[in-house]
Amino acid sequence: MKIALIGYGKMGKTIERIAESRGHEIVARIDPFNGEDFSASGFPKADVVIEFTRPEAAYDNYMACFKHNLPVVSGTTGWLDKLPDIKAHCEKGQTFFYASNFSVGVNIFFELNRQLARLMNTQADYKVGMTEVHHTQKLDAPSGTAISLAEDLIENIDRKDKWELDKQSSDKAIEIKAIREGDVPGIHTIKYESEVDEITIHHSAKSREGFALGAVIAAEFTAKNKGFLTMKEMLKF
Ligand SMILES: NC(=O)C1=CN([C@@H]2O[C@H](COP(=O)(O)OP(=O)(O)OC[C@H]3O[C@@H](n4cnc5c(N)ncnc54)[C@H](O)[C@@H]3O)[C@@H](O)[C@H]2O)C=CC1
Ligand SMILES: O=C(O)C1=N[C@H](C(=O)O)C[C@H](O)C1
């Protein structure tokens, strides 16, 4: 499969290595820092585009891909206000796979979070909160993964209706604490606490390999499917 990378930073380079090890060819590496752009590169020849850039760049990149009718795997976080527009393009024939986290382990953790939240819905003595820890270069907070986890908590716990970053202004809110330190690839912890005990679930990425492998597998899935695609569909959860 021919893959174009948009964004050739930490994730782009890890994805390149894993994609090549699975027999794929990287036909473009589009990044302001290596001088490639959409017209000069092999971009229109790709079977699929994998995009990991930065929040303010993502949407324009997706529109450029759609102009060439190219399917996109999107890993960038922090741009989700534009998601309804992307879904509308998919209804008109474009193909787009989005995951706030491509790691299979994190997607199992998402399922665990949903199941635990369902159990805790009737246990009003427990307070729930979340902490996420990432490297200091991360631009967005809270992480896209933390937002996905919080949305699942809100959907399953009737006493919660919103999340807040580094504060909790009412009992209805879930506080997400975002910590930035060192080169941490990504840690997410959800804690339920009552007067008598605590229940904690925790996922810690050891490196970026799991995110990158998941993104390449998602690209393989995207090349064979159409419309708006997700990890739930791919992993058959
Ligand atoms: N969904 C997931 O599983 C994961 C998502 N991410 C997300 O991926 C994004 C990138 O993460 P990293 O690779 O760690 O960041 P990074 O900062 O190492 O790399 C981003 C690259 O994008 C380039 N770039 C910036 N603007 C661009 C544009 N307009 N067109 C093309 N390239 C552009 C930068 O020059 C840089 O090389 C972040 O939003 C991060 O949150 C990161 C890891 C996993
Ligand atoms: O920026 C990162 O590094 C990561 N971003 C994603 C997110 O925002 O959830 C996924 C992972 O946690 C690493």
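Residues numbered from 1 in each chain as written. Chains lettered and ligands numbered in written order. Predicted model: local features only at pLDDT ≥ 70, side-chain atom pairs only at ≥ 80, totals over all residues. Heavy atoms only, no water.

Heads up, the rule is: UniProt positions are given in the numbering used here, feature names are shortened, and annotations may be inferred rather than shown by experiment.
As recorded by an unreviewed UniProt entry, the chain carries the name 4-hydroxy-tetrahydrodipicolinate reductase and is attributed to Geofilum rubicundum JCM 15548. In UniProt, the chain has this text filed under Sequence similarities (unreviewed entry): "Belongs to the DapB family." On record in UniProt, under Pathway (unreviewed entry), the comment for the chain is "Amino-acid biosynthesis; L-lysine biosynthesis via DAP pathway; (S)-tetrahydrodipicolinate from L-aspartate: step 4/4."

**What to know about the site of ligand 2**
Heads up, the condition is: Being near a molecule or strand, for a residue, means having at least one of its heavy atoms within 4 Å of it. Only the protein chains shown count as cover for residues, with accessible areas throughout obtained via the Shrake-Rupley method and a probe of 1.4 Å. For this classification, Asp, Glu, Lys and Arg are treated as charged, while Ala, Val, Leu, Ile, Met, Phe, Trp, Tyr, Cys and Pro are nonpolar and the rest, including Gly, are polar. Either an automatic procedure or a domain database provided the assignment from which the domain bounds are taken.
In the vicinity of ligand 2 lie 13 residues, with His134, His135, Lys138, Gly144 and Thr145 positioned nearest. When ligand 2 sits alone it has 320 Å² of accessible area, and the protein chains cover 85% of it. Along the lines of polarity and charge, the residues of the shell around ligand 2 split into two nonpolar, nine polar and two charged. Looking at which domains feed residues into the shell around ligand 2, each of domain 1 (2-102 + 209-235) and domain 2 (104-204) gives three or more.

**Looking at the sheet that holds strand 10 (residues 198-204)**
Inclusion rule: Only when DSSP finds a minimum of two bridges between them are two strands counted as paired. Only DSSP runs of H or I with at least four residues qualify as helices, and only runs of E with at least two residues qualify as strands; both kinds are numbered from the N terminus onward. Where helices are involved, their axes are fitted lines through C-alpha atoms of the stretch in contact, as for all axes, and angles between N-to-C directions lie from 0 to 180°.
Strand order in the open sheet formed by five strands is 7-8-6-9-10, with mixed pairing between adjacent strands. Of all strands in the sheet, those with a lone pairing partner are strand 7 (162-165) and strand 10, marking the two edges. Here the average twist between neighbouring strands, direction ignored, is 20°. Pairing between strand 6 (residues 127-134) and strand 8 (residues 173-180): five bridges, direction parallel. From the neighbouring strand, Met130 faces strand 8, where its bridge partner is Ile176.

**Focus on the pattern of salt bridges**
Short version of the rule: Here a salt bridge means any side-chain nitrogen of Lys or Arg lying within 4 Å of a carboxyl oxygen belonging to Asp or Glu. Each residue's exposure class comes from its accessible area (1.4 Å probe, protein chains only) as a fraction of the maximum for that residue type: buried when under 20%, exposed when over 50%, partly exposed otherwise.
Within this structure, the stated rule accounts for 14 salt bridges. Two residues, Arg54 and Glu56, come together in a salt bridge whose shortest N-O distance is 2.6 Å. Looking at Arg54, the relative accessible area reads 40%, which means it is partly exposed. The exposure class assigned to Glu56 is exposed, which follows from its relative accessible area of 56%. Where Lys162 meets Glu164, a salt bridge forms, and the shortest distance between an N and an O atom there is 3.4 Å. Each of the salt bridges in this network shares a partner with another, and the network as a whole consists of Glu16, Glu20 and Arg29.

**Section: unusual backbone geometry**
Of note, the amide linkage connecting Ala141 to Pro142 takes the cis form, showing an omega dihedral of -5°. With respect to the helices and strands, the residue Pro142 is situated in the loop between strand 6 and helix 5 (144-156). Positive phi outside glycine occurs at Asp166, with the angle close to 55°. Checked against the element boundaries, Asp166 lands in the loop between strand 7 and strand 8. What makes Asp166 partly exposed here is its relative accessible area of 45%.

**Quick word on the site of ligand 1**
Here is the rule we go by: For this analysis, a polar contact is any N or O atom pair within 3.5 Å, provided that within protein one partner can donate a hydrogen and the other can accept it, and provided that sequence-adjacent residues contribute only side-chain to side-chain pairs.
Contacts to ligand 1 come from 25 residues, most closely from Lys10, Met11, Asp31, Thr77 and Lys138. Here a nitrogen atom of ligand 1 and a backbone polar atom of Gly75 are 3.1 Å apart. With respect to ligand 1, the side chain of Lys138 contributes an N or O atom lying 2.9 Å from an oxygen atom. Burial of ligand 1 by the protein chains amounts to 80% of its free accessible area of 860 Å². Among the secondary structure elements, those contributing two or more residues to the shell around ligand 1 are helix 1 (10-21) and helix 2 (55-67). Among the residues forming the shell around ligand 1, the class breakdown is eleven nonpolar, nine polar and five charged.

**Focus on the nonpolar core**
A general trend in soluble globular proteins is that nonpolar side chains are found buried together. What counts, and what does not: Among buried residues, those of type Ala, Val, Leu, Ile, Met, Phe, Trp, Tyr and Cys that are joined through side-chain atoms within 4.5 Å constitute a nonpolar core. Every residue pair with non-hydrogen atoms within 4.5 Å of one another is taken to be in contact.
Formed by 26 residues in total, the largest nonpolar core has its most connected members in Ile15, Ile50, Val73, Phe97 and Phe102. If you list the elements that add at least two residues to this core, you get strand 1 (2-6), helix 1, strand 3 (48-51), helix 6 (209-224) and helix 7 (231-235). Ranked by the residues each element gives to this core, the list is headed by helix 6, at seven residues. Sequence-distant contacts of Ile50, that is, excluding residues within four places in its chain, are made with Ile3, Ala4, Leu5, Ile6, Ile15, Val73, Ala215 and Ala219.

**A word on the domain arrangement of the chain**
Operational definition: Summed over both partners, the accessible area lost on bringing two parts together, with a 1.4 Å probe, is the buried area.
Domain parsing of the chain yields domain 1 (2-102 + 209-235) and domain 2 (104-204). On a C-alpha basis, the centres of domain 1 and domain 2 stand 27 Å from each other. Counting from both sides, the interface comprises twelve residues of domain 1 and, opposite them, 14 residues of domain 2. Here domain 1 meets domain 2 over a buried area of about 1100 Å², counting both sides, of which 56% is carbon and sulfur.

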